[in-house]
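# Secondary and tertiary structure notes
Read off the chains here:
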Amino acid sequence: MDDVSYKRADLESCPPGSNGRDVALFNLAVALCNRFMKGVKVGDLDEAITFLRDVLELRPSGHRHRSSLLLWLAHCLSNRYDSQGAVADLEEAITLGRAALDLRLPGHPDRARSLNSLACYLRRRFQKHAQMYDLEEAIELNRAALELRPSGHRHRSSSLHDLALCFLDRYNSQEAAADLEEAVTLGRAALKLRLPGHPHRALSLSNLAYCLRTRFQKHARMYDLEEAIELHRAALELRPSGHRDRSSSLHDLALCLSNRYNRQGAVADLEEAITLGRAALDLRLPRHPGRALSLHNLACNLRRRFKKHARMYDLKEAIELHRVALELRPSGHRDRSSSLRELAFCLSDRYNSQGAVADLEDAVALGHAALELCPPGHPDHCSLVNHLAVYIRKGFQNRTLIHDLENPIGLRRAALELLPSGHPDWSSLLRSLVLYLLDRYENLGVVGDLEEAVTLGRAALALNPPSHPSRASSLHDLAQCLAKHFRHQPITADLDEAIALEQEALQLLTPADPSYHVSRRCFTTYLQMKLNPQVTVASPSVPDVTHFDVNQVIRGLALETLKTMPTRLLHTLTGVLCNRDAQISHFMGSQQYSQLLSSCRTCTPDQRTKLIHTSISGYFQFVTFSHRWGVDEPLLRDVEGQSVYETKGGLGKLQAFCLRACEQNYLWAWSDTCCIDKDSSAELQEAIGSMFAWYRRSALTIVHLADTPDTGSFGTSQWFRRGWTLQELLAPQTILFYTQNWSLYGDPTSSNHKSDANVMEELEKATGIESRFLTNFSPGMDDARSRLQWASSRCTTRPEDIAYSLFGIFDLHLPVLYGESAEKALGRLLAEIISQSGDISVLDWVGTASPYHSCFPADISSYQTLPLSPSQPHTEELSLTINHQSASPTVPRKLHRSLAKSPLPQFTNRRLTLPSITHRVTAIQLQGEDALTPSYTYKIRASGLRSLEITLPDKLEDAAMKQGALQLVRPWHTKLLSPLAEPDATTERELLSTLGRPFNALLLVRLPHNEYRRIASSTLIVAEPVDSGSVLQSKIKILNIA
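All chains use their own residue numbering, which begins from 1 and follows the written sequence. In view of the model being predicted, local features appear only for residues whose pLDDT reaches at least 70, and side-chain atom pairs are presented and counted only at 80 or more, with totals across whole chains, interfaces and linings using the full set of residues. Values shown for side chains rest on all heavy atoms present in the structure; no hydrogens or waters enter the calculation.

This next bit is on the overall build of the protein chain. Put simply, DSSP marks the helices as runs of H or I at least four residues long and the strands as runs of E at least two long, and each gets a number from the N terminus on. Check the secondary structure of the protein chain and you find 42 helices and 16 strands. Computation of the radius of gyration draws on C-alpha atoms alone. For the globule rule, the value is 2.2 Å times the number of residues to the power 0.38. Relative to the compact-globule value of 31 Å for 1042 residues, the protein chain shows a C-alpha radius of gyration of 34 Å, a close match. Dimensions of the protein chain along its principal axes, counting C-alpha atoms only, are 100 × 80 × 75 Å. Looking at the protein chain as a whole, 50% of its 1042 residues are labelled buried. When contacts within the protein chain are restricted to residue pairs at least 6 apart in sequence, long-range pairs at least 24 apart make up 64% of them. Each accessible area is a Shrake-Rupley estimate made with a 1.4 Å probe; only the visible protein chains count as cover when residues are assessed. For the protein chain, the computed accessible surface area is about 47,800 Å², with 51% contributed by carbon and sulfur atoms. His is not counted, nor are the chain ends; Lys and Arg add positive charge and Asp and Glu add negative charge. Positions of charges follow a simple convention, taking NZ of Lys, CZ of Arg, CG of Asp or CD of Glu. Here the protein chain carries 116 positive and 117 negative side-chain charges, and the mean point of each set is 5 Å from the other. Any residue under 20% of the maximum accessible area for its type is buried, any over 50% is exposed, and the rest in between are partly exposed; the area is computed with a 1.4 Å probe on protein chains only. In this analysis, two residues are considered to be in contact whenever any of their non-hydrogen atoms come within 4.5 Å of each other.

Next comes the structure, spelled out in structure tokens:
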């Protein structure tokens, strides 16, 4: 008899109404649930749920075991949801989980388990509905559970594992690199606790491997992928035949091997990936929830093998598998777009091999269907745009209609704009855009297209090193471009390079490769061109360009131009707010357009392209508005569908702005009040992320100073105290200030106040920013501390906006999360600055520490105090140099090398990893205190430093006053060293001089687990080494600061 049979016998001995029946029912339900988990009987779970509901009636509110019962019932419902997908089961599990948690108050021994279980259910709901609030709550609950499970707790590994999964989900949703790093860190911590023999070690191996593969996909670092493969192999060994998770290990290992094949091209990896994929599919029978995924991935690998060996049976099987997977992913399924896309790839491949037009038409239809499911902003949007353009181009090559070609060129450019530099799809996008430009050149004869194709071809080739599987294609594409350029303008170097490129391509290909014969024909043609001068000078005939063709070209270029501008603009002549379609319509109906069409008929192809670009750029110049928001500013809904000139009440400022823009001879204007749909979080996020670029792109920025009279000075205006106006001052190349009554400030003939010496002098005084930054500012993280100081005296209506207003200034793209605290928003900004640049100057502040992290300030105003400026060598430093002569020459050299090898500062998982030169505090004494301020002054002695006094806003705790608890540290960054690779006598002297100067120190207190916390100070802590000996004894340490 198994355990279930024994428990049934116990239940039979406890008839309804007898004492102990609730216990017998509960024990039988648990036994049934455990048997279900082993995969013995599917009906066990339904029976277990029925029995637990019976027990719930026997254990009313107030029963001491009710919380355990609620949790078990929630557990069973969650398992049934995983098995059958009924959302009602998941919702009930969450409700029961909350009820159980309410009964297990802080201090309850099983509260951590309830926190953990509820977090798991919320994560499942997030995976179903993609509502971020579920995932955020799950993260907070898992954090709380982790705090209740300290080091040594038997369930700590489970909390680490579950929290890692949540961070991985959030990374997949928001792509914040810090979440991925935290997932990896937590995954490693969980694995360390699950030693060989632990029942869940395979799960931790698999999870960490998945995180590492995800990081490989982001950073393309092979060591991440290699480690993922090793971890998956170890997990597979722990999941022998018959294990319920074996199919997952087979599937995940196949994915990693497929990734390695894509990167390195080793056929053995692809073959093993296919073998593993078939094994996984055999285990995932019909109705298995992962069957569609296994079908999909096996089909993808078969297509890869077809691309390698050109065996049609592989492609045929791939198409069949994708069709089956598509049936299992009906409308509304989150992965349907992937099946549509991959099936389109296969049909396109078959069209290439067999020429059946029906396959190409199906590919285009599937591509459009996939693109509808992945709008702009979706991670797959760019890839889908890329491939849909390929299919349309093939149709163009069949029908040779230029208007069919404009669509894929526009799609490709849009995709490139959306992808960051270095993205894996950049190479294929560039290559395909090269081909489209060549097609358009052949049809229109625009040399600009040909020259752009050469430039893009070189860029694509640079992204495909010799081992890359697409290098031969890139070589061939660039050779084509150069040969066509040679025909247009016979430069021998172009033809010689084309020949050399095709030679290299032929060396990379085999005669069995379909591309080999194409490259060989081209190679022989180019050689004939070189040997026969008559061929080299022959000019291709350029077809006549019809009015319809030029119209399409102009429209396409206009749309490309508008993509770099705000979505909505005010038309200054009519006062009507126009979207992009309306903007295009205005242009097509304008006199400028008529003149452009007329000019295009008479000019050469080269002149035509330049003329179109010039005309479009000139027509769509726009003016941006900068001002301090007042009460009842007009929003989008207030001006949409009507002229701002004809609307009364509350639009005076907007009307005056449009009028001034019109007076300056600009047709288009943009205001942050009414040109953004603030009810759309996606549009608001995009606008905030693009705003710096829009102000930089604008032809003019008009600033209205509502509190500056016509005869006054603008230095006291509140405009200089607002957060958003900082980027509105720095970004524009041309700016004009207007006073309260809309008179031009200062010289009434000025066309750009950034060229007016008097105004620039006033601006420097009003902002504290040097004129060189005001006139020629570059966004980025150079000298981050100065940029923070510029913003330190500014404020915003919504506290978190002070951080968001700096995103453009630092050229950072972070999520805008309205509702978060100002401290968290500023903390995320500073964390990203350190993560990307390692700039330690952002640690130079005084004031109150942030709850986000002890090394960050709670408020931007903490950066108002100027940091310590590097001083010139003084007598003390000279003595350091002199004393160095008597020191062993190897000492400073070793010091230099240790500092040079120190890692960059990093911020991950809310922890700052900071290389530092540390000085242990040996004595500390309270010198005075002021309870009104409050402030506390301490005299400190630290090893290697002169004694100093510090002022703190809070009194030090007794634990901090103990010997060895405090450290004064000098944060270190390798950029403080000379850039020379090897130290010499000069660089060693410079190093000793640098280390001998006073520096801004951080006061740290030691925490458990070898971590530190910064203690905020009321003034800068300026420390100074005692002598040359203390400098030479400096050692770098890597501190983890919470």
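From this point, the discussion proceeds with the structure in view.
A few words now on the pattern of salt bridges. When a carboxyl oxygen of Asp or Glu lies within 4 Å of a side-chain nitrogen of Lys or Arg, that pair is called a salt bridge. Under the defined criterion, the tally for this structure stands at 45 salt bridges. With a closest N to O distance of 2.7 Å, arginine 98 and glutamate 137 form a salt bridge. Of this pair, arginine 98 sits in helix H5 (residues 87–103) while glutamate 137 is found in helix H7 (residues 132–147), placing the two residues 39 residues apart along the sequence. Taking the relative accessible area as the measure of exposure, arginine 98 reaches 30% and is therefore partly exposed. The class of glutamate 137 is partly exposed, set by a relative accessible area of 25%. Among the salt bridges present, the one from arginine 233 reaches glutamate 272, with a minimum N-O distance of 2.9 Å. With arginine 233 in helix H11 (residues 222–237) and glutamate 272 in helix H13 (residues 267–283), this residue pair connects regions lying 39 residues apart in the sequence. What makes arginine 233 partly exposed here is its relative accessible area of 28%. The partly exposed category is assigned to glutamate 272, whose relative accessible area is 27%. Salt bridges here are not isolated pairs; linked through shared partners, they connect Glu181, Arg215, Arg221 and Asp224.

All axes are obtained by fitting lines to C-alpha atoms, using only the stretch in contact for helices, and the reported angles, taken between N-to-C directions, cover 0 to 180 degrees. Where helix H14 (residues 291–309) contacts helix H16 (residues 336–354), the axes come no closer than 11 Å and their chain directions differ by 25°. Taken together, H14 and H16 sit at an angle that is classed as roughly parallel. Between H14 and H16 the crossing geometry is left-handed. Of the residues in H16, those in contact with His296, Cys300, Arg303, Phe306 and Lys307 of H14 are Ser338, Ser339, Glu342, Phe345, Cys346, Asp349 and Ser353. Among the residues forming the contact of H14 with H16, the class breakdown is four nonpolar, four polar and four charged. Angular relationships are summarised with four words: roughly parallel below 35 degrees, roughly antiparallel beyond 145, roughly perpendicular across 65 to 115, and oblique for the angles in between. Put simply, a crossing is left-handed when the front helix is turned counterclockwise from the back one by less than a right angle, and right-handed when it is turned clockwise. In this classification, the charged set is Asp, Glu, Lys and Arg, the nonpolar set is Ala, Val, Leu, Ile, Met, Phe, Trp, Tyr, Cys and Pro, and all remaining amino acids, among them Gly, are polar.

Here we take up the environment of phenylalanine 692. Along the polypeptide, phenylalanine 692 turns up in helix H32 (residues 681–697). Measuring from C-alpha to C-alpha, the distance between phenylalanine 692 and leucine 730 comes to 8.8 Å, with 38 residues separating the pair along the chain. Those residues in contact with phenylalanine 692, other than ones at most four positions away along the chain, are Gln727, Ala731, Phe777, Pro779, Gly808 and Ile809.

A few words on the pairing of strand E3 (residues 622–627). In terms of residue burial, E3 counts as a mostly covered element, since six of its six residues are buried. Along E3, one buried face is formed by Phe622, Thr624 and Ser626 and the opposite face, lined by Val623, Phe625 and His627, is buried too. Of the strand pairs in this sheet, E3 and strand E5 (residues 700–704) are connected by five bridges, and their pairing is parallel. Counterpart to phenylalanine 625 in the pairing with E5 is isoleucine 702. Strands are labelled as partners when DSSP assigns at least two bridges between them.

A pair of aromatic rings is counted whenever rings of Phe, Tyr or Trp (Trp by its six-membered ring) have centres within 6.5 Å, and the orientation is called stacked for planes under 30 degrees apart, edge-to-face for over 60 and tilted otherwise. One pass over the structure, following the stated rule, counts 25 aromatic pairs. Here phenylalanine 714 and phenylalanine 737 contribute two aromatic rings whose centre-to-centre distance is 5.2 Å and whose plane-to-plane angle is 65°, an arrangement assigned as edge-to-face. Placement of phenylalanine 714 in the loop between E5 and helix H33 (725–730) and of phenylalanine 737 in strand E6 (residues 735–738) is noted, with a sequence separation of 23 residues between them. The pair formed by phenylalanine 714 and phenylalanine 737 is uniform in burial state, with each residue classed as buried. Connected via pairs of aromatic rings, a cluster forms that spans Phe587, Tyr593, Tyr619, Phe620 and Trp668. Directly above the ring of phenylalanine 999 sits arginine 970, whose terminal nitrogen or CZ lies 3.9 Å from the centroid. For a Lys NZ or an Arg CZ to count as sitting over a ring, it must be within 6 Å of the ring centre and within 35 degrees of the ring normal.

At a closest axis distance of 10 Å, the pairing of helix H20 (residues 426–444) and helix H22 (residues 471–488) adopts a crossing angle of 25°. In terms of axis orientation, H20 runs roughly parallel to H22. As H20 runs across H22, the sense of the crossing is left-handed. Touching Arg431, Val434, Leu435, Leu438, Tyr441 and Glu442 of H20 are Ser473, Ser474, Asp477, Gln480, Cys481, Lys484 and His488, all from H22. Here the contact of H20 with H22 is composed, by residue class, of five nonpolar, four polar and four charged.

Our focus in this paragraph is helix H10 (residues 201–219). Multiply 1.5 Å by the residue count of a helix minus one, and that product is the helix's expected span. Helix length check: H10, at 19 residues, gives a terminal C-alpha distance of 27 Å against a target of 27 Å (1.5 Å per residue), a fit within 8%. For H10, the buried fraction is high: 14 of the 19 residues fall into the buried class. The first or second residue beyond H10 is alanine 220, which carries a positive phi of 60°.

Inspection of the secondary structure assignment puts serine 1017 in the loop between strand E14 (1011–1014) and strand E15 (1022–1023). Taking the relative accessible area as the measure of exposure, serine 1017 reaches 5% and is therefore buried. A polar atom in the side chain of serine 1017 sits 2.7 Å from the backbone oxygen of threonine 1019. Residue contacts for serine 1017: discarding those within four places in its chain leaves Val846, Gly847, Thr951, Leu952 and Pro953. We define a polar contact as two N or O atoms separated by no more than 3.5 Å, with the added condition that, inside protein, one atom must be a possible hydrogen donor and the other a possible acceptor, whereas residues neighbouring each other in sequence contribute only through side-chain atom pairs.

This part covers the side chain of asparagine 301. Position of asparagine 301 among the secondary structure elements: in helix H14. Setting aside chain neighbours within four positions, we find asparagine 301 in contact with Ser258, Leu270, Ala273 and Ile274.

This part is about the sheet that holds E3. Strand order in this open sheet of six strands is E2-E1-E4-E3-E5-E6, and the pairing throughout is mixed. Sheet topology places strand E2 (576–578) and E6 at the edges, where each strand pairs with a single neighbour. Direction aside, the axes of adjacent strands within the sheet are offset by 30° on average. Of the pairings in the sheet, the one linking strand E1 (residues 569–571) to strand E4 (residues 668–670) comprises two bridges and is antiparallel in character. Looking across to E4, one finds that leucine 570 is bridged to alanine 669.

This next bit is on helix H9 (residues 177–193). Count 3.6 residues to each turn of an α-helix, and residues three or four apart come out pointing the same way. Here H9 spans 25 Å end to end across 17 residues, near enough to the 24 Å set by a 1.5 Å rise per residue. Restricting attention to buried positions, one finds in H9 the residues Asp179, Leu180, Glu181, Glu182, Ala183, Val184, Leu186, Gly187, Ala190 and Leu191. In the core, the buried residues of H9 are packed alongside H7, helix H8 (156–174), H10, H11 and strand E7 (906–908).

Turning next to the environment of isoleucine 1036. With respect to the secondary-structure elements, isoleucine 1036 resides in strand E16 (residues 1036–1041). Relative accessible area serves as the criterion here: at 22%, isoleucine 1036 is assigned to the partly exposed category. Measuring from C-alpha to C-alpha, the distance between isoleucine 1036 and leucine 509 comes to 52 Å, with 527 residues separating the pair along the chain. Non-local contacts of isoleucine 1036, meaning those with residues more than four positions away in its chain, are made with Ser898, Leu899, Ser902, Pro915, Ser916, Ile917 and Trp972.

Reading fine detail from the predicted coordinates is not recommended where pLDDT is low. For every residue, the predictor states its confidence as a pLDDT score lying anywhere from 0 to 100. For the protein chain, per-residue confidence averages 86 on the pLDDT scale, and residues scoring 70 or more make up 91% of the total. Averaged pLDDT values over the elements of the protein chain bottom out at 43 in helix H39 (residues 875–886) and peak at 97 in E5. Contacts for the low-pLDDT stretch residues 535–548, under 50 throughout, to residues beyond four places or in other chains number 20 contacts. Scored below 50 in pLDDT, residues 871–887 shows 22 contacts in the model against residues more than four places distant or in partner chains.

We now examine the environment of serine 151. With respect to the helices and strands, the residue serine 151 is situated in the loop between H7 and H8. Residue serine 151 is classed as exposed on the basis of its relative accessible area of 59%. Sequence separation of serine 151 and histidine 1009 is 858 residues, and the distance between their C-alpha atoms is 9.5 Å. When neighbours within four sequence positions are excluded, serine 151 is seen to be in contact with Arg156 and His1009.

Below, the discussion takes up unusual backbone geometry. A cis amide bond links threonine 933 with the next residue in sequence, proline 934, at an omega value of -20°. Examined against the element boundaries, proline 934 turns out to sit in the loop between strand E8 (911–930) and strand E9 (935–942). If you check the backbone angles, asparagine 1010 has positive phi at about 60° while not being a glycine. Here asparagine 1010 lies in the loop between strand E13 (1002–1007) and E14. The exposure class assigned to asparagine 1010 is exposed, which follows from its relative accessible area of 51%.

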